[in-house]
Amino acid sequence: MKVMLIVPPWTIADIRAHDTQGIAGMWPPVGTLYVASVLREAGFEVVFKEGGFYDHDEMLKIIEQEKPDALGAFIIAMFWERTKTLFRDIKKILPECFVFAGGHGPSAFGRKALEESEYLDAVVYSEGEYSTRDLMEHVRDGKSPVGVAGTSVRVEGEIVDNPSRPFIENLDELPFPAVDMAELERYKPSYGQSLRLPSFQVISSRGCMNDCLYCYRLMGRNVLRMRSPSNVVDEIEHYVKEYGAKDIKFWDESFTYDRDRAMGICDEIIRRGIKVSWWISARADSVDDELLRKLKQAGCWCINFGVESGVQKNLDMLRKNLTVDQITKAVDAAHAAGIKTFTTYIFGIPGETFEEGMQTIELAKRLNSFITEFFPISPFPGTDLWDLACQSHK
């Protein structure tokens, strides 16, 4: 059985303002490639295509040529409307193809995704590896998908919500993402997120223990699962040996949340003599001088700190559980250790004034990071900020 996984067609202009499109990049979708790897391990023929490289008609032509028995699309909320059109057109050319969707958008929409698109056969929620595998096994074997945990399905015109699926506790058991299925030469990192090429991505943990107002927690609220240091470094070493990787971007919400594990990853990289540069994200309250020195020694060249605001009341509104002083000290300490910082900020926080926005700019100037980015606050479905916005506009 052939399963095709896609990211629906999109462009940099869809996600970036005109003035910043030139520095925007595109990374392979690690989550989708994890699903692809698990499906391949289960015996399916798997094809992956990235919609950032193809327009609507080109993608349809590729799908028609591949003739998959099932097609899954990874979707973020802002691409939902156009993807519904794609589903319709897929069913026109391949009416027997089983079409399903996963990712942040469908996980937030729930059964509404099936209600809004009559051409969609199923939705996979949250962590998709095993839910997708089980769903595809049912489709392949001609079994009813009713009961497949972590999904909602359409059966004889009726929508059925199946039980939720527990998170994967042992992340080490997962195969590495199927990066060989991606057109690697066509991707490029965003400016400031890699030091050398080729650069690869690693997710060494899933989830977050914080509760920020604006964040969509696909991997659970106040749940954090971590891979072992040896498993993480095995993946890095795989990219170095097989693809000549020189740089790694970690996508963890906070790489340093577990200090001992972070130190363990550093020690393992050093022990194996792996010469890669790497980029992480961290909370300001989860770094210290000793850890920063170790990170630097092991190859970490840049840390992304989500500063968000230079005004304490606005940090409190966002539920950051950090102080301006903690943030300032963490950034200064990283610089003292020889690590660059990439700091991000948010404008439009509920209750923020113009003067407070200017205070945030002053803090950004004071921190003097290698890269500084400012974003308008955006309420996405599935976040508490979305619920707050909906309530305030009733």
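In case you missed it, the structure is sitting above this.
Residues numbered from 1 in each chain as written. Predicted model: local features only at pLDDT ≥ 70, side-chain atom pairs only at ≥ 80, totals over all residues. Heavy atoms only, no water.

A few words on the packing of aromatic side chains. Scanning the model with the defined rule gives 17 aromatic pairs in all. Here the aromatic rings of Trp-301 and Phe-370 are separated by 5.7 Å at their centres, their planes lie at 70°, and the arrangement is edge-to-face. Here the residue Trp-301 occupies a position in strand E13 (residues 300-308), and Phe-370 occupies one in the loop between helix H12 (354-367) and strand E15 (371-376), the gap between them amounting to 69 residues. Here Trp-301 falls in the buried class, since its relative accessible area comes to 7%. A residue is classified by how much of its surface remains accessible, and Phe-370, at 35% relative accessible area, is partly exposed. Here Tyr-345 and Phe-374 contribute two aromatic rings whose centre-to-centre distance is 5.1 Å and whose plane-to-plane angle is 25°, an arrangement assigned as stacked. Of this pair, Tyr-345 sits in strand E14 (residues 340-347) while Phe-374 sits in strand E15, placing them 29 residues apart in sequence. For Tyr-345, a relative accessible area of 0% corresponds to the buried category. A residue is classified by how much of its surface remains accessible, and Phe-374, at 34% relative accessible area, is partly exposed. Among the aromatic residues, ring-to-ring pairing joins Trp-80, Phe-87 and Phe-109 into one connected group. (Phe/Tyr/Trp six-rings, centres within 6.5 Å; stacked < 30°, edge-to-face > 60°. Helix = DSSP H or I, 4+ residues; strand = E, 2+ residues; numbered from the N terminus. Buried < 20%, exposed > 50% of the residue type's maximum accessible area, 1.4 Å probe, protein only.)

Moving on to the pattern of salt bridges. On inspection of all chains with the given rule, the structure shows 36 salt bridges. With a shortest N-O distance of 2.8 Å, Lys-91 and Asp-121 are connected by a salt bridge. One end of the pair, Lys-91, is in helix H3 (residues 80-93); the other, Asp-121, is in the loop between helix H5 (112-116) and strand E5 (122-124), and 30 residues separate them in sequence. Take Lys-91: its relative accessible area is 16%, and that puts it in the buried class. Note that Asp-285 and Arg-283 form a salt bridge whose closest N and O atoms lie 3.0 Å from each other. Residues joined in a network through salt bridges with shared partners are Asp-234, Glu-237, Lys-241, Glu-268, Arg-271 and Arg-272. (Salt bridge = Lys/Arg side-chain N within 4 Å of Asp/Glu carboxyl O.)

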